[in-house]
Amino acid sequence: MSRLWSFDLDGVLAEPPFGWNPAINRNVSLERATDAALPPVPDTTMIDRLLTETWYRVRYVLRPPRPGALDAVRCASERGRVIVLTGRHERGRRQTQAWLIRYGFAELVDELVMNASALASARYKEAYLRRSGATLHVDDDAATVALLARNGVRSGLVEWPRNRNLTYPPGVTRCVDLREVQDLIRELSADD
């Protein structure tokens, strides 16, 4: 059985600016969408092109990988397919791919999935992963992991101060660091 391992990028694989992660959504009570279909990708606009050539060129440049991130992705790639599923907008694809290459992730990742829709990150990941059959999604966003668990998608929560001390539904495993993510991947693939 081929397993699918899914990783968020910012706060999981990439260090957030200044080591501070304020973008975590703490709403762990989001309910499943009745229709979690991916919406069609809108046409590229002039603003999209302008942002691609300006803001997205510098937005992610100075984010190094988190300790243990490459080892966790390597561990997953030895046990199946790996995708990076990020809430980053599609406008930043070129820069995100360059980051994956620069830090050695590209050769381990089968697909980079970016949000080109108007859906919020948690809802986009819900729509994508509901149909993918992922073995595990690793994220740092409290709302995302809780929502995915309600959809039957096993989630590894990489802990940050903003996502601690919350109550998660069954299917969410807390991981203090990326070494614990590797342990979880090994555990979930042990029956192969």
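All of these numbers come straight from a predicted model, not from anything done at the bench.

1. Points about the overall build of the protein
Here's step 1: Looking only at helices and strands, the protein has 7 helices and 6 strands in total.
Here's step 2: In the protein, which comprises 192 residues, the proportion classed as buried is 49%.
Here's step 3: Sequence-distant contacts, at least 24 apart, represent 73% of the contacts inside the protein between residues at least 6 apart.
Here's step 4: Total accessible area computed for the protein in this model is approximately 9,600 Å², and 54% of it derives from carbon and sulfur atoms.

2. Section: the nonpolar core
Here's step 1: Grouped together as the largest cluster of nonpolar side chains are 40 residues, with contacts concentrated most on Phe7, Leu13, Tyr168 and Val181.
Here's step 2: Core analysis: the next-biggest nonpolar cluster, separate from the first, contains 10 residues, Tyr124, Tyr128, Leu129 and Val153 among them.

3. Examining the pattern of salt bridges
Here's step 1: The final tally for this structure, using the stated rule, is 15 salt bridges.
Here's step 2: Residue Asp139 is joined to Lys125 by a salt bridge in which the shortest nitrogen-to-oxygen separation is 2.8 Å. Residue Asp139 is found in strand S4 (residues 136–139), and its partner Lys125 is found in helix H5 (residues 121–130); the two are separated by 14 residues along the sequence.
Here's step 3: Taking the relative accessible area as the measure of exposure, Asp139 reaches 0% and is therefore buried.
Here's step 4: Linking Asp177 and Arg179 is a salt bridge whose minimum nitrogen-to-oxygen distance equals 2.9 Å.
Here's step 5: Through salt bridges with shared partners, a single ionic network connects Asp8, Lys125 and Asp139.

4. Examining the pairing of strand S5 (residues 155–158)
Here's step 1: On S5, burial covers both faces: Ser155 and Leu157 on one face and Gly156 and Val158 on the other are all buried.
Here's step 2: By the bridge criterion, 3 bridges tie S4 to S5 in an arrangement that is parallel. Note that in S5 the partner of Asp139 across the bridge is Leu157.
Here's step 3: Between the parallel pair S4 and S5, the chain is carried across by helix H6 (residues 142–150), and the sense of this crossover is right-handed.
Here's step 4: Of the strand pairs in this sheet, S5 and strand S6 (residues 172–175) are connected by 4 bridges, and their pairing is parallel. Bridge pairing links Leu157 to Arg174 in S6.

5. Regarding the packing of aromatic side chains
Here's step 1: Taken as a whole and judged by the stated rule, the model has 2 aromatic pairs.
Here's step 2: Ring centres 5.1 Å apart and planes at 50 degrees place the aromatic pair Trp99 and Tyr103 in the tilted group.
Here's step 3: Tyr103 sits in the partly exposed class, given a relative accessible area of 22%.
Here's step 4: When the centroid spacing of 5.2 Å and the interplanar angle of 15 degrees are considered together, the rings of Trp99 and Phe105 count as stacked.

How each quantity is defined
Residues numbered from 1 in each chain as written. Predicted model: local features only at pLDDT ≥ 70, side-chain atom pairs only at ≥ 80, totals over all residues. Heavy atoms only, no water. Helix = DSSP H or I, 4+ residues; strand = E, 2+ residues; numbered from the N terminus. Buried < 20%, exposed > 50% of the residue type's maximum accessible area, 1.4 Å probe, protein only. Contact = heavy atoms within 4.5 Å. Areas by Shrake-Rupley, 256 points an atom, 1.4 Å probe, with all protein chains shown as cover. Core = buried A, V, L, I, M, F, W, Y, C linked by side-chain atoms within 4.5 Å. Salt bridge = Lys/Arg side-chain N within 4 Å of Asp/Glu carboxyl O. Pairing = 2+ DSSP bridges. Right-handed = clockwise from strand over helix to strand, strands pointing away. Phe/Tyr/Trp six-rings, centres within 6.5 Å; stacked < 30°, edge-to-face > 60°.

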